[in-house]
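Summary of the model geometry
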Amino acid sequence: YEDVMDGLFRDQSRMRAQGDVDAWLIAGGTAGGLDVPAMSACLADPANFAAIEAAATQALYDGVQGTPAFFLNGRRIDADNIEAFDAAAQPLLAGR
C-alpha cells in the first residue's frame, strides 16, 4: 500500500502534465508490485468509475474539501490534532 501511495504522490506533477490518469495509476500500482492486467481490468470497468464518482459526489455533499476529513456519527469534525479528535470523540464514547 505505502509503495503504491508513494509512487502516486511522487508522480502527481507528471500526471498533471501528461493528463494520462490511467498510465499514472498503473505506474503507481506497478511501483507497489500490483498486477498490471488486473489494474487495467479495474480501470476499464465502468462500475468502478461510477462508484468513485458516487463517493466523490457524496463527499462534496458532506462538505469534504480535502483530506484528511473526519466524521463521527455522520457529523464532520475539524480535528487537526489528536487532542481535538479526542475532545470530539469522548462525548460519543461516553454515550452522550
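Before reading further, recall that the structure is shown in the block above.
Bear in mind the structure is a predicted one, so any value in this text is a computation, not a measurement. (Residues numbered from 1 in each chain as written. Predicted model: local features only at pLDDT ≥ 70, side-chain atom pairs only at ≥ 80, totals over all residues. Heavy atoms only, no water.)

A rise of 1.5 Å per residue sets the reference length of helix 6 (residues 82-93), with its 12 residues, at 16 Å; its end C-alpha atoms lie 15 Å apart and thus fit the reference within 8%. The opening residue of helix 6, the one whose side-chain oxygen lies 3.1 Å from the backbone nitrogen of Glu83, is Asn81. Positive phi shows up at Gly95, right after helix 6, with a value of about 85°. (Helix = DSSP H or I, 4+ residues; strand = E, 2+ residues; numbered from the N terminus. Expected span 1.5 Å × (residues − 1). Polar contact = N/O pair within 3.5 Å; in protein donor to acceptor, adjacent residues only side chain to side chain.)

Every buried residue of helix 3 (residues 21-31) is listed here: Trp24, Ile26, Gly28 and Gly29. Tucked inside the fold, the buried residues of helix 3 contact helix 1 (2-10), helix 2 (12-18) and helix 4 (36-44). Looking one or two residues past helix 3, Gly33 carries a phi angle of roughly 85°, positive in sign. (Buried < 20%, exposed > 50% of the residue type's maximum accessible area, 1.4 Å probe, protein only. Contact = heavy atoms within 4.5 Å.)

Inspection of the secondary structure assignment puts Gln65 in the loop between helix 5 (46-61) and strand 1 (70-72). Exposure remark for Gln65: the relative accessible area of 80% places this residue in the exposed category. Sequence separation between Gln65 and Tyr1 is 64 residues; the distance between their C-alpha atoms is 24 Å.

For the coordinates displayed, the defined rule picks out two salt bridges. The partner of Asp11 in a salt bridge is Arg14, and the shortest N-O contact between them spans 3.3 Å. Residue class for Asp11 comes out partly exposed when judged on its relative accessible area of 24%. When the shortest N-O distance is used, the salt bridge between Asp78 and Arg76 registers 3.5 Å. Of the residues examined, Asp78 reaches a relative accessible area of 68% and is grouped as exposed. (Salt bridge = Lys/Arg side-chain N within 4 Å of Asp/Glu carboxyl O.)

The omega torsion across Thr67 and Pro68 is -5°, close enough to zero to call that bond cis. Tracing the sequence through the fold places Pro68 in the loop between helix 5 and strand 1. For Asn73, which is not a glycine, the phi torsion comes out positive at approximately 50°. In this structure, Asn73 sits in the loop between strand 1 and strand 2 (75-77). Overall, the relative accessible area of 70% leaves Asn73 in the exposed class.

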